[in-house]
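Survey of secondary and tertiary structure
Here is how the chains run, residue by residue.
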Amino acid sequence: MKTRFTTIDIISIVEELQQYVGYRVNQVYDIDNKTYLIKLQKPECKAVLLIESGTRIHTTEFEWPKNPAPSGFSMKLRKHINNKRLEKISQMGVDRVLDIQFGAGDASYHLILEMYDRGNLVLTDHEYLIMNILRPRVAGEEKFLVRESYPVELAKQEYSKLDEKNLLNLLKSGKPVDTVKKIVMPHFEYGPSLLEHICLENGVTINSKLKDFNLETDFPRLLAAFTSLDNFFKTAARNGVIVQKAETRPKADGSTEGFFTFQEFHPYLYKQHSNSSILEFPSFNSACDTFFSQVEAQKIEMKSIQQEKNALKKLENVKKDHETRIRSLQEIQAADRRRGELIEMNNGVVENAIKVVVSAVANQIPWDQIKEIIKEATDAGDPVASRIKQLKLEVNHIVLLLTDPYAHLDEDSDKSESESEARELLVEIDLDLSAQANARKYYVQKKAAGTKEKKTVESGTVALKSAEKKTKQTLKEMATISNINKARKVYWFEKFFWFITSENFLVIGGRDAQQNELIVKRYMREGDIYVHADLHGASSIVIKNPTGSPVPPKTLNEAAQFAVCFSAAWDSKVITSAYWVYPDQVSKTAQTGEYLTVGSFMVRGKKNYMPPANLVMGFGFLFKLEESSVERHKNERRVRGLEDTMSVVSQSTDIGTVDDLEATKDGEEDQEIELEDGDSSEDEEKKEIMDSIPEEASIEDEEDDEKVKDDEKVEEDDKVEDDEKVEGNENADQEEKNYEMEEVENERKFSDLSVNSGSSGNPQDKSNDDEAKKEIKDEELDQFPDTSLKVEFNRSGSVEVKLKSTESTQKPVLSSQKSGKPEKGKKPPLAGVKEEAKEEKKGGQVRGKKGKNKKIKEKYKDQDEEEREMRMKILQSDGKEKEKKSKKKNQKTVIKPQIREKRPPPQKEQNSLIMFNNKPGGGEGGDGGEGGEEEEKEKVVVNDETDMLDSLTGIPVLEDELLFAVPVCAPYSTLINYKYKVKLTPGTGKRGKACKTALSMFTLDKSASPREKDLFKSVKDQDIARNIPGKVKLSAPHLQKVKGKK
């Protein structure tokens, strides 16, 4: 297969590239250490010039993968030729060297491309002084080094002339076994393809040997071929041609499938390719671009085909081996039968030979002397001695040459040599047995061989079927893996350390200093979070946050654990902490007099430290879903509020009971939750009010009789509610909803009657209060967008709430945020009866409260306020809502009206990311402009990155259509719900071995579907272990069974 340009190719491409003279250089990239891309442009026109040292130069329309960090040679090219005009592209003399000039006059630079030997790429100034060189070398006296002059004068200036005299001398100096092509080719600069073409045009067989070359008849035609070369360049039409070769690949059903592979590319259609399969292009430039872009994919395809052919070859070898065994057994049977028959036909001769040798041995005659005696008797014409051909006395055997005594009776007169040899046969005779016993022994051997042949045929049929089945399975797997590899899309973040958090945030980290630099400079955007372990040399971690909303604490915790594990802490087995900052705090500007190395950054401002992270990672697989299966896994990874995390607990216990909550959390540190600010459940609160009111009634001053009556009403209402709670948790949930609806409705109904005693005379305070009440009203209505209620007074004088829910296609989502408490006096008289009673009892001592507070203080005496808040946030993972509401509080500096604290009932399904999008259309009222603005801000921005993450799942189901599998290494808490996962901790095991063990365990899993197993097999070995932190210890259920099977 042709892989590099010849001289005729260089001449053709230089002419076609002249159209790009006048373009300016926009940017330079490198694909690898030998291949570079130069982006050219002029008004309304763009082009990309691809240069590969020693191989090719052409423009390209394909997207080539660029190195993430430019090489030193690329940086040098960028420095000197960026924004320069392409002035000239020419061939240096007639050599395979191109001179590409950027800029004019003294400001010009030359990029010299050598396309012979191992190739080279040289950057020089206008005087051809070497400024940078890709492959420095010294060739004799010439030095191709930086600051040396490039030897332009060494270029060959004219082509060799093959006239009659020179050509005749070449042919006479050649060896007779050399071909004409081998003799002429070193003196023909245009390449072997053109030489073969002009020879075929003139009837010369170029591959004939010199001894077969007739100088009288063939030499004139060869001379005419070289003479016609000038005419060829004038008349031949230039276009791009790719020569294809027909290939076949085996299929699982035994048939074959045909396809074509690229073999050569040429600027002309040569005669030797006139009968081949070709692809024609309008230009040689486009033909080169297509050829080289497809050749890499073709290599992968050919590798797969070779594996399929090897599998078929194994099957053929099994068949051949089977046939060989059966044939050998049949030959053994025929030979044993023939030996037995010959012994029976020569029974007397055999018996006499046995007696002669046995008697000689019995007389203790030496073996050498016995041989001499038999030789003398043979010379004397003894019929018995002449039949003894060999003595094997060490095994007590002799070899006799036996013939068929009845052969002369055959009617066939024509006797071939093979038939005469078949009538004579050397037969080994056992001296311990008689002639008949020896014959019987051969018949028994023949029978045993027949039995063995039968068994071989039977077992061979089974073995062949098994081999065929295995081969078909191998071919099927090869085809599947090939298809998976074609469908496999390598994501941009896979070149880094990466994982997807349990709340669907992408986290990336640098593998080395260059990648750390790249992540911060190119990939970190406003709204992202920068995380770094508190260790020198740790990886830079970035949490991608395209929505711009606050990042939840759980994601921060997982990213911090990820940062610690990908640092020196893993190998040292040291538990440490990480911190996070905002992007604007990360800078490349060092302090005065200091210097920051590659991958190092200066962090200014407050560092938000996370709790110490455990060194526990997990290894698992994510599966790429087909579009139709994505919806099935919607919201699989999302921000979960307290209701989501506690949903299982709430089904078996009271919603607000902290002690029961601690009991259900299996060793998690839920005891860190502080309850001093009234986080107790509604049941306890109501019971305390009910028990404490009688005491307060006896102590309080009797000046206000109305308040006492109100207290009695509250006591009655609380007793009724307590009785209803005993009936079941369902009624309790309904009561909570009713109570919140009552507060919201009354707040809206009696807002004009609400008066703040501290600011009654200030109109500004009044407007602030109205604004605060409206904000709370909107927040509360968000929780029940599809619920209507009616507030009435019943006969006993108490408030009765009638709740009516309308069905909606989307369930309302409740925020886990706790509302602030309303101020005293802000509640309307009828709606705030319970609040007044609660405010009134604050001044007195509540029964049991003192002891409870004492226990809480004793339990959490070593915990400060900051640690308590941090642990609460991590456990609840509800940072988005809290941070949003805290921002609103900071923006509006008004005293919020206090509302009775309620814990929202748990929902079965909840997506807190879209919780603010369910506002009813008419809920904004006259303030629709401001409310619409806030709603627009809080909507999640849908983009390609989020959509891509949604199509990756760790929990595939049988109904899913899976495209490929992606190995992932993440904190184990992130992978806890994945179908395939193992735990990794610091240890002594090698990464590759640990990953192969894990892969074997996943493959042997009984719940694994055939498609999932195929996807596991298609994963490349180098992709599996590259994200593991270091030496590891593998932990997984039934791991010993997997190791035992291996």
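Preceding block: the structure.
Thoughts on the overall build of the chain
What the chain contains, in helices and strands, is 33 helices and 32 strands. By the burial criterion, 46% of the 1046 residues in the chain qualify as buried. Of the contacts made within the chain by residues no fewer than 6 positions apart, 70% connect residues no fewer than 24 positions apart. Total accessible area on the chain is roughly 56,300 Å²; 49% of this is exposed by carbon and sulfur atoms.

Quick word on the packing of helix H5 (residues 192–201) against helix H6 (residues 218–227)
At their nearest, the axes of H5 and H6 sit 8 Å apart, and the two run at 125° to each other. When the interaxial angle is binned, H5 and H6 end up oblique. The way H5 lies across H6 gives a crossing that is right-handed. Residues Leu195, Ile198 and Cys199 of H5 form the contact with H6, whose own contacting residues are Leu222, Ala225 and Phe226. Taken together, the residues of the contact of H5 with H6 sort by class into six nonpolar, no polar and no charged.

What to know about the packing of aromatic side chains
For the structure on display, the rule yields 37 aromatic pairs. Pairwise contacts between aromatic rings join Tyr159, Phe188, Tyr190, Phe226, Phe232, Phe233, Tyr268 and Tyr270 into one cluster. Cation over ring: Lys2 sits above Phe265, and NZ or CZ is 4.4 Å from the ring centre. We note Arg511 situated over the ring of Phe497; from NZ or CZ to the ring centre the distance is 4.7 Å.

Examining the side chain of His397
Mapped onto the secondary structure, His397 falls in strand E16 (residues 397–403). Not counting residues within four places of it along the chain, the set of residues in contact with His397 comprises Leu391, Lys392, Glu428, Ile429, Asp430 and Leu431.

Some points on the nonpolar core
One finds Val531, Phe619 and Leu984 to be the most contacted residues of the largest nonpolar core, which totals 85 residues. Ignoring sequence-local partners within four residues, the contact set of Phe619 consists of Pro967, Val968, Leu975, Tyr980, Lys981, Val982, Leu984, Cys995, Ala998, Phe1002, Ile1024 and Ile1028. Counting 39 residues, the second-largest nonpolar core is a separate cluster that includes Tyr36, Leu40, Ala47 and Leu98.

Focus: the side chain of Asp289
Position of Asp289 among the secondary structure elements: in helix H8 (residues 284–345). The charged side chain of Asp289 is buried without a salt bridge, its nearest counter-charge being Arg56 at 6.1 Å. The residues touching Asp289, leaving out its near neighbours within four places in the chain, are His58, Thr59, Thr60, Glu61 and Phe62.

Observations concerning unusual backbone geometry
The backbone of Glu44 shows a phi angle near 65°, a positive value even though the residue is not glycine. Along the chain, the position of Glu44 falls in the loop between strand E2 (35–42) and strand E3 (45–52). Overall, Glu44 belongs to the exposed group, its relative accessible area being 85%. Positive phi, close to 75°, is recorded for Arg147, a residue that is not glycine. The topology assignment puts Arg147 in the loop between strand E11 (142–144) and helix H3 (164–173).

A short note on helix H13 (residues 513–523)
Helical periodicity: at 3.6 residues per turn, an α-helix aligns residues three or four positions apart in one direction. Burial in H13 covers these residues: Gln515, Asn516, Glu517, Leu518, Ile519, Val520 and Tyr523. Those residues of H13 hidden inside the fold are in contact with strand E19 (506–509), strand E20 (529–533), strand E21 (540–544) and strand E23 (586–587). One side-chain oxygen of the residue at the start of H13 lies 3.3 Å from the amide nitrogen of Gln514, identifying that residue as Asp512.

Remarks on the pattern of salt bridges
Side-chain pairs of opposite charge can arise whenever the charged atoms involved come near each other. Going through the model one piece at a time under the given rule, you end up with 21 salt bridges. Note that Asp960 and Arg632 form a salt bridge whose closest N and O atoms lie 2.5 Å from each other. Of the two residues, Asp960 is situated in the loop between strand E29 (952–953) and strand E30 (962–971) and Arg632 in the loop between helix H16 (627–630) and helix H17 (642–645); the sequence distance between them amounts to 328 residues. Looking at Asp960, the relative accessible area reads 10%, which means it is buried.

Regarding the sheet that holds strand E6 (residues 97–102)
An order of E5-E6-E7-E8-E9 is seen for the five strands of this open sheet, with the pairing classed as antiparallel. Of all strands in the sheet, those with a lone pairing partner are strand E5 (86–91) and strand E9 (130–133), marking the two edges. The sheet shows a mean angle of 20° between the axes of neighbouring strands, direction not considered. For E6 and strand E7 (residues 109–114), the ladder comprises six bridges, and the chain directions are antiparallel. Directly across from Asp99, in E7, lies its bridge partner Ile112.

Description of the pairing of strand E31 (residues 981–989)
Inspection of the sheet shows strand E26 (residues 617–625) paired to E31 by four bridges, in the antiparallel sense. Each bridged residue has a counterpart across the sheet, and for Gly618 the counterpart in E31 is Lys983. Both E31 and strand E32 (residues 1032–1035) contribute to a ladder of five bridges, which runs antiparallel. The residue of E32 that forms the bridge with Leu984 is Leu1034.

Analysis parameters
Residues numbered from 1 in each chain as written. Predicted model: local features only at pLDDT ≥ 70, side-chain atom pairs only at ≥ 80, totals over all residues. Heavy atoms only, no water. Helix = DSSP H or I, 4+ residues; strand = E, 2+ residues; numbered from the N terminus. Buried < 20%, exposed > 50% of the residue type's maximum accessible area, 1.4 Å probe, protein only. Contact = heavy atoms within 4.5 Å. Areas by Shrake-Rupley, 256 points an atom, 1.4 Å probe, with all protein chains shown as cover. Axes fitted to C-alpha atoms, helices over the stretch in contact; angles between N-to-C directions. Parallel < 35°, antiparallel > 145°, perpendicular 65-115°, else oblique. Left-handed = near helix turned anticlockwise from the far one by under 90°. Nonpolar A, V, L, I, M, F, W, Y, C, P; charged D, E, K, R; others polar. Phe/Tyr/Trp six-rings, centres within 6.5 Å; stacked < 30°, edge-to-face > 60°. Lys NZ or Arg CZ within 6 Å of the ring centre and 35° of its normal. Core = buried A, V, L, I, M, F, W, Y, C linked by side-chain atoms within 4.5 Å. Lys, Arg positive; Asp, Glu negative; His and termini not counted. Salt bridge = Lys/Arg side-chain N within 4 Å of Asp/Glu carboxyl O. Polar contact = N/O pair within 3.5 Å; in protein donor to acceptor, adjacent residues only side chain to side chain. Pairing = 2+ DSSP bridges.

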